[in-house]
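Per-entry structural report
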Amino acid sequence: MAQKRIVKEYSELQKKPLDGMRISLPSEADMHQWQILIDGPKGSPYEGGVFTLHLSLPTEYPFKPPTLSFKTKIYHPNVTNDDKGSMCLGMLRADEWKPSSKIEAVLSFAKALLLEPQPDDAVEGGIAREYKENKKEFIKNAKAWTKQYAKK
């Protein structure tokens, strides 16, 4: 069931791609590993950058959630600053995931986080604090990281 559903969702996203997003398979032989390129949204400190993300779908998908991580370093309260780039997405937690959820919703939510970080659900406390208490400094730092790590 997992393979069939993954192929269907991948095909749908190829036919009708999400705005500012390109999806590919690093290996045609493995439908469980996807590469996603997201353009930094206009009006955000990430504008002008291109971010590479990795989506990993478990063999139990859709009964278990996928994992989504940033491969491009990003200054964001909901993404870890380590080489894993793990994202804090409520909908991807095992206790919140629903088998009816689709990959398209996961990717849309990830892009929405670039426009509107959720500092109350942060994995990087210092960045979340800065976002809440000194947004001007947060924007400056996020723009600098985008320029340094997410060049087109």
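Procedures and definitions
Residues numbered from 1 in each chain as written. Predicted model: local features only at pLDDT ≥ 70, side-chain atom pairs only at ≥ 80, totals over all residues. Heavy atoms only, no water. Core = buried A, V, L, I, M, F, W, Y, C linked by side-chain atoms within 4.5 Å. Buried < 20%, exposed > 50% of the residue type's maximum accessible area, 1.4 Å probe, protein only. Helix = DSSP H or I, 4+ residues; strand = E, 2+ residues; numbered from the N terminus. Contact = heavy atoms within 4.5 Å. Pairing = 2+ DSSP bridges. Axes fitted to C-alpha atoms, helices over the stretch in contact; angles between N-to-C directions. Parallel < 35°, antiparallel > 145°, perpendicular 65-115°, else oblique. Nonpolar A, V, L, I, M, F, W, Y, C, P; charged D, E, K, R; others polar.

Quick look at the nonpolar core
Core analysis: the largest hydrophobic core is formed by 39 residues, its most contacted members being W34, I36, L68, M87 and L107. Of all the secondary structure elements, the ones that give two or more residues to this core are helix 1 (2-15), strand 1 (21-24), strand 2 (33-39), strand 3 (50-56), strand 4 (67-70), helix 2 (103-115), helix 3 (125-133) and helix 4 (135-149). In terms of residues, this core owes the most to one element, helix 2, which gives 6 residues. L68 has contacts with I36, L53, H54, L55, M87, L89, L92, V106, L107 and A110, leaving out every residue within four places of it along the chain.

Digging into the sheet that holds strand 3
Ordered by their spatial adjacency, 4 strands build an open sheet running 1-2-3-4, and the pairing between neighbours is antiparallel. In the strand order of this sheet, the two ends are held by strand 1 and strand 4, each with one partner. Strand-to-strand twist across the sheet, computed as the mean angle between neighbouring axes with direction ignored, equals 25 degrees. Where strand 2 and strand 3 come together, 7 bridges link them in antiparallel fashion. In the sheet register, I38 faces strand 3, and the bridge partner there is F51. Helix-sheet contacts for helix 2 involve strand 1, strand 2, strand 3 and strand 4, and the interaxial angle to strand 2 is about 35 degrees.

Section: the packing of helix 3 against helix 4
Each pair of packed helices can be summarised by the angle the axes make with each other and by the distance between the axes. Relative to each other, helix 3 and helix 4 sit at 125 degrees, their axes nearing to 5 Å. Classified by the angle their axes make, helix 3 and helix 4 are oblique. Touching I127, E130, Y131 and E133 of helix 3 are K135, E137, F138 and N141, all from helix 4. Its residues assigned to classes, the contact of helix 3 with helix 4 comprises 3 nonpolar, 1 polar and 4 charged.

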